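# What the coordinates show
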Amino acid sequence: MLKKITRCLIVAPLALGVTCALAAGQPGPACAAKQAEIESNIAAAQARGNAREVAGLQKALEANQRHCTDEGLAQEHAQRVEKAQKKVAEREAELAKAQSTNKQKKIDKAQQKLDRARADLDQARQRPLGG
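First things first, this report covers the structure right here in the doc. Everything numeric in this text was worked out from a predicted model, so none of it was measured. (Residues numbered from 1 in each chain as written. Predicted model: local features only at pLDDT ≥ 70, side-chain atom pairs only at ≥ 80, totals over all residues. Heavy atoms only, no water.)

In this section: the packing of helix 4 (residues 70–101) against helix 5 (residues 104–126). The contact between helix 4 and helix 5 brings their axes to 8 Å, and the two run at 165 degrees. Relative to helix 5, helix 4 is oriented roughly antiparallel. By crossing handedness, the relation of helix 4 to helix 5 is classed as left-handed. (Axes fitted to C-alpha atoms, helices over the stretch in contact; angles between N-to-C directions. Helix = DSSP H or I, 4+ residues; strand = E, 2+ residues; numbered from the N terminus. Parallel < 35°, antiparallel > 145°, perpendicular 65-115°, else oblique. Left-handed = near helix turned anticlockwise from the far one by under 90°.)

Written out as structure tokens, the structure is:
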């Protein structure tokens, strides 16, 4: 019985501390990664001496710190993937139309566009949430 009470006295404050930290605005892992990426870009822009880029990136960092949620980043990621999937479907339709003409030049061009769209889709799927 004493062990249970001791566990509760130790675990409860730890859990409360974690909950308070999350409520205090600690960024989730995806938002933290996004912030780190922006900070890295700021350092690179400063190294190049590009003041305009630095200013823009600092605004982006501030916006990220105020508004970023992991759920929002996940939704943006899903939208990018969906957009890329639609583009692949369009390019597949264009290829089918080109194949119906039996003109090799048109077929090759449509195939190249489809290949690029598929590569973009793969990149969108592999891109991290914060990226």
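Let us look at helix 5. Side chains of residues three or four places apart in an α-helix project in the same direction, reflecting 3.6 residues per turn. Between its terminal C-alpha atoms helix 5 stretches 33 Å, which fits the 33 Å expected from 23 residues at 1.5 Å a residue. Buried residues of helix 5: Ile107, Ala110, Leu114, Ala117, Leu121 and Ala124, and no others. Tucked inside the fold, the buried residues of helix 5 contact helix 4. (Expected span 1.5 Å × (residues − 1). Buried < 20%, exposed > 50% of the residue type's maximum accessible area, 1.4 Å probe, protein only. Contact = heavy atoms within 4.5 Å.)

In the structure shown here, the tally under the stated rule is six salt bridges. For the salt bridge of Arg66 with Glu62, the shortest nitrogen-to-oxygen distance reads 3.9 Å. Linking Arg66 with Glu62, this pair stays in helix 3 (residues 51–67), spanning four residues, or about one helical turn. Among the residues examined, Arg66 registers a relative accessible area of 58% and is labelled exposed. Where Glu94 meets Arg91, a salt bridge forms, and the shortest distance between an N and an O atom there is 2.9 Å. (Salt bridge = Lys/Arg side-chain N within 4 Å of Asp/Glu carboxyl O.)

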